[in-house]
Structure formats: C-alpha cells, structure tokens
Amino acid sequence: MKRVTPKEVSEFIEPLRVKPGTTVHLGKDFDPGYTGNMVKQTEGKRLLSLGVKALSEYQARLAAQDTWGVVLCLQSLDAGGKDGAIRHVMSGVNPQGVSVHGFKVPSATELDHDYLWRYQNELPARGEIGIFNRSQYEEVLVVRVHEQVLASQKIPEAEKGKGIWERRYREINDWEHYLTDNGFKVVKVFLNLSKEEQRTRFLKRIDLPEKNWKLSPNDAKERAYWDDYQTAFSEMLTHTSTEWAPWYVVPADNKWFARLCVSAVLVNTLMDIDPQYPEVGVEQRAALAETKVLLEDEAPAGAAADPFKVMMADEEKKAKRKRSKKIKAKRVNKAKKSAAKSTG
C-alpha cells in the first residue's frame, strides 16, 4: 500500500486551515458539505486506512523518542461526529499512548480553580497523544452563549464585564504558546456541521432505539441558539488561530470525509515533528551483540538459532515473488493492449 508523503498531506489539509489574522464568517467561508475533489466514499476510506497506518507508525516513534506530546482539541456542536472521528482515526494506535478526555459541566472542585485548570490537569505526557473531546474552547463558546454559565464561575464581578472574551482569547493563545514552546503540539479541529444535517442525526438517534441514549432533549433545545453559536465559533476561529496552533475547519456533513480530514491533520502534525527512534550507542550495540550470541546458543535441537531472522527472510521472499507476479502481469496486459491495437 502506497505511503502518503508530507507534501500530499499538507496540500490536502491546506483548504481547511484558518490562516492566522483572517476574519472568519463561518457560514460564508466554510461549506459543511465540502469533500474536495473526492466524490467517492470508497476512495476516502482507502486514504483513511493509509492515515491510520501512518498514525500507528508515528505514534510508536513519538513514544520511543519521549520528547514531544500532542494535544488534539476537537470542537463541534452536538452530533458533529467527535466520538466517531476518535474511534475511526485512532483505531490503529497503541491505546497505552493515547488518552481521551471529555469536558462537560464543571464540578464544584473545578469551579474553585481558574478556568484553564481542569484542561491543564488532563494534558498528555511527553510521548503521548491526548485528545480533548470538547476543550478549553468551551470557555468562549457555551460560556459565552449562556450567560448563566459565566455567572456560575467564581471569578470577580469586575472581570466579567466588557472585554472578557478578548481577554480569554489572549489567555488561551498564551497558554497554547507556552505548551508549544515546551514541546507539546496543540492541534485544533472544528467539525463544521450544518443545521439540517444535525437535525437528521438527532432524528436518527430517536428513530433507532439503540441510539436513544445518545440524545438528550436539551441537545435539541440548543438548536434555538444556533445563530449565537455560529457567531461564537466565528469569533473563536478569528481570534485563536495562531501560527503555533492554527485551527482546521473540517466539513462534518459527510462522516467519512470528516474522519479522513481529522486523520490528515493529525498525521501532518506528527510528520512535522518527525520523531525518531533513539540511537543506540557503541557500547550498547556491543552488549546486544553478546546477548544475541547467548540467546542463539540456547536454541533447542532442530530450532533455528534466530527464528525471527528466518521469518523476515521468508517474508522478503514472498514479497519478491509478489512483485515479480505484478511485473509479469503488467507486461502481459501491455502485450495484449499492443496486440489489440495492431489487429484493430
């Protein structure tokens, strides 16, 4: 299976990137139904499998290097596809190196701290990927749309007035800059869902009994604030897409394409980090060579001294035969086409 190159991934996600310093009008600037030049779902699924494979490889290197960490922030309205994206995109990674945290209504303990405290507490360690299913941006979204939520936060009254959102944008930007400077890449994805597609997904959750648990009546009631959320999203994207942590607006009406985009954004970040396996020093290599001899000497009668080496050699022979068959098949097809042209 062909490997994806950094250039291909970067070009694919570029239309999704919010250029820092630009003013965003979500409804005008980004189409929730966009699928690029890909119109076939089968092609999208094939590319997603490539992305999953690349993620697995890069995650192993990220963990081994133990220098960088990655924070993937997923934001969307209800039914935007965050859970499905996490499930499909991260299907091939080692679960020991990934953590997923959802942030809902703050607890009493969380309200006794600053508003970024609970997010800071759930950051991944170096070598890990942390996924925020909803993130620090709840503090400029739902808190902005619903004034009573802001009122419940125990900040001084004088700090709740004019300029609070601009201040929070700055504080979040500064926090993300601090994390980036310390080796933690912040990857921000907004799953952009249309109002009609959300309505359809809500109805599906009602019509299918096994999905009833996924929908609360309050989820549907939030649709009354649709325009307020669109404004809040637009302001968020405008003020917090930075050079060190840009936003990517992913079209979410087609789940297969949204998952492909999330995968591509995350792969692009890991390709940019380009983590490497630690190099082994001369002394350690010598010690490993001695250990290898000892292990080979322990081989029971009739067993290969190094079974893994034999297995790898067999796999290489199989791959070589497969390549030869492909080359032969191409030559036969080429000869048939040539013969057909000459007789035609």
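Here we summarise the structure given alongside this text. Predicted, not measured: the structure shown is a model, and the values here were computed from it.

Here's the deal with the pairing of strand β1 (residues 69-76)
On a regular strand, each side chain points to the face opposite its neighbour's, so the side chains alternate between the two faces of the sheet.
1) Next: Among the 8 residues in β1, 8 count as buried, and that is most of the element.
2) Next: On β1, burial covers both faces: G69, V71, C73 and Q75 on one face and V70, L72, L74 and S76 on the other are all buried.
3) Next: In this sheet, strand β3 (residues 129-133) lies alongside β1 in parallel orientation, the contact comprising 5 bridges. When the sheet's bridge partners are listed, L72 is paired in β3 with I131.

Quick look at the side chain of K82
1) Next: Secondary-structure assignment places K82 in helix α4 (residues 82-89).
2) Next: No salt bridge is formed by the buried K82, whose closest oppositely charged neighbour, D78, lies at an N-O distance of 5.4 Å.
3) Next: At 3.3 Å, the side chain of K82 forms a polar contact with the side chain of S76.
4) Next: Beyond its immediate sequence surroundings of up to four residues, K82 is in contact with L74, Q75, S76, L77, N133, R134 and L191.

Notes on the sheet that holds strand β4 (residues 184-192)
1) Next: Here we have 5 strands laid out as an open sheet, ordered β2-β3-β1-β4-β5, and parallel in their pairing. Two strands bound the open sheet, and with one partner strand each, they are β2 (98-102) and β5 (247-251). Within the sheet, the average angular offset between the axes of one strand and its neighbour, ignoring direction, is 20 degrees.

Points about the packing of aromatic side chains
1) Next: Taken as a whole and assessed by the stated rule, the structure comprises 8 aromatic pairs.
2) Next: Geometrically, the ring pair formed by F12 and F257 is edge-to-face, given 6.0 Å between the ring centres and 65 degrees between the ring planes. Of the two residues, F12 is situated in helix α1 (residues 6-13) and F257 in helix α13 (residues 255-273); the sequence distance between them amounts to 245 residues.
3) Next: For F12, a relative accessible area of 27% corresponds to the partly exposed category.
4) Next: Note on W256 and F257: the rings are 5.7 Å apart at their centroids and 75 degrees apart in plane angle, and the pair reads as edge-to-face. Across this residue pair, the class does not change: W256 and F257 are buried.

Some details on the pattern of salt bridges
1) Next: Considering all chains together, one arrives at 21 salt bridges under this definition.
2) Next: Here D306 makes a salt bridge to K292, at a shortest N to O gap of 2.5 Å. Of this pair, D306 sits in the loop between α14 (282-297) and α15 (307-343) while K292 is found in helix α14, placing the two residues 14 residues apart along the sequence.
3) Next: Here R323 and E316 are joined by a salt bridge, their closest N and O atoms 3.2 Å apart.
4) Next: Via salt bridges that share partners, E110, R118, E139 and R168 belong to a single interconnected network.

Describing the pairing of β5
1) Next: Burial analysis of β5 places 5 of its 5 residues in the buried class, the great majority of the element.
2) Next: Residues of β5 alternate between two faces, with W247, V249 and P251 on one and Y248 and V250 on the opposite face, all of them buried.
3) Next: In the sheet, β4 pairs with β5 via 5 bridges, with the strands oriented parallel. Paired with L191 across the bridge in β5 is V250.

Structural notes on a nonpolar patch on the surface
1) Next: On the surface, F308, M311 and M312 cluster together into a nonpolar patch covering about 320 Å² of accessible area.
2) Next: Mapped onto the fold, F308 is located in helix α15.

Focus on a positive patch on the surface
1) Next: Taken together, the side chains of R87, K204, K214 and K255 define a basic patch exposed on the protein surface.
2) Next: Inspection of the secondary structure assignment puts R87 in helix α4.
3) Next: Residue classification places R87 among the exposed positions, given a relative accessible area of 54%.

Some remarks on α4
1) Next: Those residues of α4 lying buried are K82, G84, A85, I86 and V89.
2) Next: Elements in contact with the buried residues of α4: α3 (41-65), β1, β2, β3, β4 and α13.

Some remarks on helix α12 (residues 226-240)
1) Next: With 15 residues, α12 should reach 21 Å at 1.5 Å per residue; the first-to-last C-alpha distance of 21 Å fits that figure.
2) Next: Along α12, the positions that sit buried rather than exposed are W226, Y229, Q230, A232, F233, S234, M236, L237, T238 and T240.
3) Next: Looking at the packing, one finds that the buried side of α12 touches α2 (26-29), α7 (142-145), α9 (164-181), β4, α10 (195-207) and β5.

Things to note about the packing of α3 against α13
Any two packed helices are characterised by the angle at which their axes cross and by the distance between the axes.
1) Next: Interhelical geometry of α3 versus α13 gives an angle of 30 degrees and a closest axis separation of 9 Å. Compared by their axis directions, α3 and α13 come out roughly parallel. Handedness of the α3/α13 crossing: left-handed. For the pair α3 and α13, the contacting residues are Q41, G44, L47, L48, G51, V52, A54, L55, Y58 and L62 in the first and W256, R259, L260, S263, L266, V267, L270, M271 and I273 in the second.

Cut-offs applied
Residues numbered from 1 in each chain as written. Predicted model: local features only at pLDDT ≥ 70, side-chain atom pairs only at ≥ 80, totals over all residues. Heavy atoms only, no water. Buried < 20%, exposed > 50% of the residue type's maximum accessible area, 1.4 Å probe, protein only. Helix = DSSP H or I, 4+ residues; strand = E, 2+ residues; numbered from the N terminus. Pairing = 2+ DSSP bridges. Lys, Arg positive; Asp, Glu negative; His and termini not counted. Salt bridge = Lys/Arg side-chain N within 4 Å of Asp/Glu carboxyl O. Polar contact = N/O pair within 3.5 Å; in protein donor to acceptor, adjacent residues only side chain to side chain. Contact = heavy atoms within 4.5 Å. Axes fitted to C-alpha atoms, helices over the stretch in contact; angles between N-to-C directions. Phe/Tyr/Trp six-rings, centres within 6.5 Å; stacked < 30°, edge-to-face > 60°. Patch = residues over 30% accessible without salt bridge, like charges linked within 9 Å, V, L, I, M, F, W, Y side chains within 5 Å. Areas by Shrake-Rupley, 256 points an atom, 1.4 Å probe, with all protein chains shown as cover. Charge placed at Lys NZ, Arg CZ, Asp CG, Glu CD. Expected span 1.5 Å × (residues − 1). Parallel < 35°, antiparallel > 145°, perpendicular 65-115°, else oblique. Left-handed = near helix turned anticlockwise from the far one by under 90°.

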